[in-house]
Amino acid sequence: MMEKQPFQTEVRQLLDIVIHAFYSDREVFVRELISNASDASEKLRLKQLTGAAIYQPERELRLSITTDEEKHTLTIADAGIGMTREEVVEFLGTIAHSGTKKFLEMARETKGDTQNLIGQFGVGFYSVFMAAEEVEVTTRSWEPDAVPVRWVSNGEEGYSLDDAPEDTPRGTSILIHLKTDAQDFAKPNRLRYIVEKYSNFIGFPIDFNGEHLNTVQAIWMKNKKDVSEEDYEAFYKFIAHTDSAPLTHMHFNADAPIVLNSVLFVPSDNPESLGFGRCEPNVALYCHKVLIDSKPENLLPEWLRFLSGVVDSEDLPLNISREMLQDNSLLRRIAGTITKRFIKHLEDLAKDHVEKYETFWKQFNRFIKEGIVTSWEHKDALGKLLRFESTFTEPGKLTSFADYIGRMKENQKDIYVLFGSSRAQLESSPYLDPLKARGFEVIFLTDGGDQFVVDSLMKVEEKEIKSASRANLDLPPLEDQPDTPGLDEAQAKKLTDWLAEAYKDKLGKISAGDRVTTAPAVALQDEHDLSPDVKAYLKAMGQTVPETHPLVEFNPHHPLVIKLAELQEKDEELSKLLADQIIDTALLRAGFLDDPSRLARTTEALVEKLL
Ligand code: ADP
Ligand code: MG
């Protein structure tokens, strides 16, 4: 029975916008139709699973896409759930879908600028009229006694509805007569490109002009028990456009509180270490196997930009746009969940596959550190992933905070670290003296950004991280202090009073103490001063750096210091040179010496005087 029906007023308004919109991204209609075909197939699969009686039960769930370049047509067909006459009237004649409703509301509000809205909200099925002059939908419902129908429309006033031939198979076939300016979409190459892009991981086979597209399965939807290592590897190579296998992958499926399926891969090499600059995130966002955005910029936190993979959530609106991606609370929850899971994955890797984790660490430690500095909510979990050498490890062997804490002495309150450029340099540092004397382990931090990492972490398991070069270490007293000869208290005071006066413009407090045993003096960072690393960073950023006044502690037992006290009386010039030398060396060791050539000049003058 043939009937003509006008579109619901809202649909007419919507179509008016769609047809007249100059929208550059017209190909989204292909995505919309493929996703509808996939949805319809998914729904049928569910019917099958629930044991309902289905028309043509043996008909295979495949999608078929055909182009006819001469006739300027394009057909997208599925063997899915189909539609009854009533359903066609409802679904393709009114605005049933909430996303489309929203679109229309927004369009009414913004009046002028509707082009952007198409991108933001999508218009589902109706988007076909961006490219179509006329659309014919032939459909047969899965219900065994349903009558097949044909819906035809040019997207203007209304549509016509008629019975379709009795031999119409189950499912829906959408024949699109392209507008003159959209005939590109009937070019096999152009369309194939779009189809591949959007639907490589649709859960059903797709035939394109009769040829089966070599689709890779949506492995992230599967249970990880059913996916082989080879499958993961092939999938990774496909999405990352690479020939090398991934270093590790995480497969994560959850049903609550959000339906979430994700596979993430860590590449075998850090792309940023190759000097190509910042890498682009390569984690695609899917909604139930339909691609929403292949490279969403704000899906996962910045520091995870080295990952490749897929995040799929059924709870997302399929038409979510780039603009919405930036500010969507569901996406933020998804990102939070995935990030936590990924950190957990790395933790497990570190536990169960130590060597592999160390390979990861060598390549990607900068990203983990960046995460600590930039993401407050994950920093403690990320702190567990840190690895470093220490006074207790052999060169090249790594340890963690957890291991460090396990080895802490009973009377040790804090965690000690020392910043520097290499293990060799740090091993000979006088800052280690007081800690070595107490049997405390000191962590060597030799990466430029480590200072920031420690400043962000501050504590690990309630234990403060202290730099061994800090002025106030608050150490427990030494049990048996060795009785080495040296200056007595009065002599030491006389010396430091003189030095304090001579260096009052350059230095903070000058004192004598037992902090170091192997060097004549040590420079210490005042609690309120910036560390040398932070100063250097600020300078590099072009900021004005406040002056610092390091403290200097003399070792009254050191032969050079004893000599200095003697000389102070006898030879003013030589004693001043020696004091300069001792102090500048201490400043150099601590990274406080702004002008190293000064130390060179002092040393030369001193040697000349002695020879
Ligand atoms: P959405 O897919 O978000 O629901 P659409 O505008 O894309 O919105 O489609 C509207 C409705 O039309 C769908 O919900 C579905 O019920 C029906 N529909 C569209 N395409 C098909 C199809 N290929 N097979 C069966 N039903 C379809
Ligand atoms: Mg849809």
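Calculation rules
Residues numbered from 1 in each chain as written. Chains lettered and ligands numbered in written order. Predicted model: local features only at pLDDT ≥ 70, side-chain atom pairs only at ≥ 80, totals over all residues. Heavy atoms only, no water. Pairing = 2+ DSSP bridges. Helix = DSSP H or I, 4+ residues; strand = E, 2+ residues; numbered from the N terminus. Salt bridge = Lys/Arg side-chain N within 4 Å of Asp/Glu carboxyl O. Buried < 20%, exposed > 50% of the residue type's maximum accessible area, 1.4 Å probe, protein only. Axes fitted to C-alpha atoms, helices over the stretch in contact; angles between N-to-C directions. Contact = heavy atoms within 4.5 Å. Expected span 1.5 Å × (residues − 1). Parallel < 35°, antiparallel > 145°, perpendicular 65-115°, else oblique. Left-handed = near helix turned anticlockwise from the far one by under 90°. Nonpolar A, V, L, I, M, F, W, Y, C, P; charged D, E, K, R; others polar. Domains from an automatic or database assignment. Polar contact = N/O pair within 3.5 Å; in protein donor to acceptor, adjacent residues only side chain to side chain. Core = buried A, V, L, I, M, F, W, Y, C linked by side-chain atoms within 4.5 Å.

## Considering the pairing of strand 7 (residues 171-178)
Pairing analysis gives 6 bridges linking strand 3 (residues 73-78) to strand 7, with the strands arranged antiparallel. Each residue of the ladder has a partner; that of Ala 77, found in strand 7, is Ser 173. Note: strand 4 (residues 132-140) against strand 7, 8 bridges, orientation antiparallel. By the bridge assignment, Ala 132 is partnered in strand 7 with Leu 178.

## Considerations on the pattern of salt bridges
Oppositely charged side chains can form a pair if their charged atoms are brought close together. Under the criterion given, the structure shown has 39 salt bridges. Put simply, Asp 414 and Lys 466 hold a salt bridge, and the shortest N to O gap is 2.9 Å. Taken together, the residues Asp 414 in the loop between helix 12 (401-407) and strand 16 (415-419) and Lys 466 in strand 19 (residues 463-467) connect sequence positions 52 residues apart. Given the relative accessible area of 5%, Lys 466 is considered buried. The partner of Asp 580 in a salt bridge is Lys 576, and the shortest N-O contact between them spans 3.5 Å. Note that Asp 580 and Lys 576 are positioned in helix 19 (residues 572-590) at a spacing of 4 residues, about one turn of the helix. The exposure class assigned to Asp 580 is buried, which follows from its relative accessible area of 17%.

## Concerning the sheet that holds strand 2 (residues 63-68)
Pairing within the open sheet is mixed, and its 9 strands lie in the order 1-6-5-4-7-3-2-8-9. Strands at the two margins of the open sheet, each flanked by one partner only, are strand 1 (3-6) and strand 9 (211-212).

## Re the sheet that holds strand 22 (residues 551-554)
Spatial ordering of the open sheet is given by 20-22-21, a layout of 3 strands whose pairing is mixed. Where the open sheet ends on each side, the last strands, each with one partner, are strand 20 (510-512) and strand 21 (521-524). Going from strand to strand, the sheet's axes swing by 25° on average, the running direction of each strand aside. Bridge analysis of strand 20 against strand 22 gives 3 bridges, and the strand direction is parallel. Note that in strand 22 the partner of Ala 512 across the bridge is Phe 554. Across the sheet, helix 16 (residues 489-502) lies against strand 20 and strand 22, angled at about 165° from strand 20, the strand it touches most.

## Thoughts on helix 18 (residues 559-570)
Residue pairs spaced three or four apart in an α-helix point in one direction, given the helix's 3.6 residues per turn. The terminal C-alpha atoms of helix 18 lie 17 Å apart, and with 12 residues this matches the ideal 16 Å at 1.5 Å per residue to within 8%. Of all the positions in helix 18, only Val 561, Leu 564, Ala 565, Leu 567 and Gln 568 are classed as buried. Tucked inside the fold, the buried residues of helix 18 contact helix 16, strand 22 and helix 19.

## Some points on the packing of helix 10 (residues 354-374) against helix 15 (residues 450-457)
Packing of helix 10 against helix 15 brings their axes to within 8 Å, and their N-to-C directions diverge by 40°. Overall, the two elements helix 10 and helix 15 adopt an arrangement that is oblique. In the crossing of helix 10 with helix 15, the sense of the turn from one axis to the other is left-handed. Listed contacts from helix 15 to Lys 369, Ile 372 and Val 373 of helix 10 are Asp 450, Phe 452, Val 453, Ser 456 and Leu 457. Taken together, the residues that form the contact of helix 10 with helix 15 break down as 5 nonpolar, 1 polar and 2 charged.

## Some details on the domain arrangement of the protein
Splitting the protein by domain gives domain 1 (3-212), domain 2 (219-366), domain 3 (388-480) and domain 4 (482-611). Between domain 2 and domain 3, the C-alpha centre-to-centre distance is 34 Å.

## Some remarks on the packing of helix 16 against helix 19
Axis separation between helix 16 and helix 19 bottoms out at 12 Å; the angle between their running directions is 80°. By the angle between their axes, helix 16 is roughly perpendicular relative to helix 19. On helix 19, the residues that touch Trp 498, Leu 499 and Ala 502 of helix 16 are Ser 575, Lys 576 and Ala 579. Looking at the contact of helix 16 with helix 19 residue by residue, the classes come out as 4 nonpolar, 1 polar and 1 charged.

## Overview of the pairing of strand 14 (residues 308-313)
Taken across its 6 residues, strand 14 has 6 buried, putting it largely inside the fold. For strand 11 (residues 260-266) and strand 14, the ladder comprises 6 bridges, and the chain directions are antiparallel. When the sheet's bridge partners are listed, Phe 265 is paired in strand 14 with Ser 308. As paired elements, strand 12 (residues 282-287) and strand 14 share 5 bridges and run parallel to each other. From the neighbouring strand, Val 283 faces strand 14, where its bridge partner is Gly 309.

## Thoughts on helix 19
Along its 19 residues, helix 19 runs 27 Å from first to last C-alpha, staying within 8% of the 27 Å computed at 1.5 Å per residue. The backbone nitrogen of Glu 573 has a side-chain oxygen 3.2 Å away, supplied by the residue at the start of helix 19, namely Asp 571.

## So, the nonpolar core
Core analysis: the largest hydrophobic core is formed by 99 residues, its most contacted members being Phe 306 and Phe 554. Among the elements that line this core, the one with the most residues is helix 9 (residues 329-352), at 10 residues. Counting residues in hydrophobic clusters, the runner-up holds 60 residues, among them Ile 76, Ala 79, Ile 81 and Val 135.

## Some thoughts on unusual backbone geometry
Looking along the chain, the bond that leaves Ala 256 and enters Pro 257 is cis, with omega of -5°. Residue position: Pro 257 is located in the loop between strand 10 (248-254) and strand 11. Positive phi, close to 50°, is recorded for Gln 56, a residue that is not glycine. Position of Gln 56 relative to the elements: it lies in the loop between helix 2 (28-49) and strand 2.

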